[in-house]
Amino acid sequence: MAQKIILIFKVFIYFLLVYSGSFKWLPLPFDLTVLTAGLCSIILIFSVKKKLLVTTEIKQYFTIFFLICTAFLLSNFYSISTVYANSKSLSFIINILTFVYPIIVFDRISVIKVIKPIFLIVGVFIFIGLTYMYVNNLFEVFFHDAYMEEIIDLKIPSYLTVGIFLSTIVLICISKGLKLVPLIYILISVFFLFNLGGRGPIFNLLICTVAFLILTLGSKRIFTFKNVMILVVAFFIIVVFFDFKSLFISSEFFTFERFNPFDMSKSDPSTLRRIYLLQTGWESITNHPLLGLGIGSSGLILTGEDVTEFPHNLIIESMMEIGVIGGVLVVFFYAKFFITERKYLKNPELILLYVISLLYFLEDLKSGSFDAWRISLFWISIYLSEKRFYGRKQYS
């Protein structure tokens, strides 16, 4: 019992470290990221063993990962940025801690059954908060320019941050099958996803749901008659609970035009902004292809000021700051993971971790930055740790 409590503590502290950026709005008398990073470092040091099981594959992933991190950190010597470079360098130190932690701390231990309940419990609190905002018509704080400065000052999570977390909850619940409680979680999450209006979390969730169903095809029957009836009953429960005005599209922030891939670039300021960032970033790459302009330089390149700004695409961002070779390393890191690991996906838990890793990778291609790379690394590292636990021979 004591060992289980200790394991839950180790996992929960790790979870807080990775998602600490989403909790900065809480009126805490300390910096949550610094506290959890310190605790994780202490746990990691005391968890180091002489006979640590590190497979050849893990060594390969670590080699590529550390090459990327080293290139970014060494680029401080020639970076045109100072302010953003300093903050991003700290982010990379946390990224390294994030990637290393599961491999050392969870050696020969499975933690996926601890991680899933943590997300579902946190999900309940998110539902409560979003329900309060929905009832009181407060969703506009995520979108109206008049509130944006206040949101930044209070460090309130963006609608995309909340949306991708909800998408993660949906995938976890889908992996449990269409039982009553997971269905209620799914329906509530999908309802809020549409009301938040984030295209990335919704489109990426759709892609990953299809991927999960394909990868689990034949392993279990999800859409049985019984489960479909439960889905119908759960749907009416949610409808009555939320008193929909016109189902999902009752939100003023959800419009079909916003989700039209042929029209949104012409009418949506967010899409036009992303296109501008990508075009400007690509111009910088063509002008400085070899080494880039150094860590944190994306802010100066995109805005002319040494502030936190990025092209919302990890590959473009890496090439802007550490050159084309750095971008190739990032592509190779993800390509190796998604292509190589595909042939080992026979365990439902590994399939779930693989698909959630895909979810965050897709989000990183649309809205991500290396400042928050640790969330994507969290799922990849947990996958590698779980795969080591189950044993490679089982999936060969």
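> Teacher, can you tell me more about the overall build of the protein here?
The helix and strand inventory of the protein stands at 16 helices and zero strands. Counting every position in the protein, which comprises 396 residues, the buried fraction comes to 54%. As displayed, the protein offers around 19100 Å² of accessible surface, 70% of which is attributable to carbon and sulfur atoms.

> Please explain unusual backbone geometry as it appears in this structure.
Glycine aside, negative phi is the norm for most residues, and most peptide bonds take the trans geometry. Backbone geometry at Arg108 places phi at a positive 65°, although glycine is not the residue there. Its identity is not glycine, yet His312 carries a phi of approximately 65°, on the positive side. Here His312 lies in the loop between α13 (297-303) and α14 (314-340).

> What is the right way to look at the packing of aromatic side chains in this model?
Given two aromatic rings, one states the distance between the centres and the angle between the planes to describe the pair. By the definition in use, this model includes 41 aromatic pairs. Ring geometry for Tyr360 and Trp379: centres 6.4 Å apart, planes at 20°, overall stacked. Remark: Trp379 occurs in helix α16 (residues 373-390) and Tyr360 occurs in helix α15 (residues 348-366); sequence separation between them is 19 residues. Each member of the pair, Tyr360 as well as Trp379, carries the same accessibility label: buried.

> Is there a simple way to explain the pattern of salt bridges in this structure?
Opposite charge on two side chains allows them to pair when their charged atoms are near. Within this structure, the stated rule accounts for eight salt bridges. For Glu321, the salt bridge identified is with Lys88, shortest N-O distance 2.9 Å. Residue Glu321 is found in helix α14, and its partner Lys88 is found in helix α4 (residues 83-105); the two are separated by 233 residues along the sequence. Per residue, the accessibility class of Glu321 equals that of Lys88, and both read buried. In this structure, a network of salt bridges that share partners links the residues Glu57, Glu341 and Lys387.

Conventions used here
Residues numbered from 1 in each chain as written. Predicted model: local features only at pLDDT ≥ 70, side-chain atom pairs only at ≥ 80, totals over all residues. Heavy atoms only, no water. Helix = DSSP H or I, 4+ residues; strand = E, 2+ residues; numbered from the N terminus. Buried < 20%, exposed > 50% of the residue type's maximum accessible area, 1.4 Å probe, protein only. Areas by Shrake-Rupley, 256 points an atom, 1.4 Å probe, with all protein chains shown as cover. Phe/Tyr/Trp six-rings, centres within 6.5 Å; stacked < 30°, edge-to-face > 60°. Salt bridge = Lys/Arg side-chain N within 4 Å of Asp/Glu carboxyl O.

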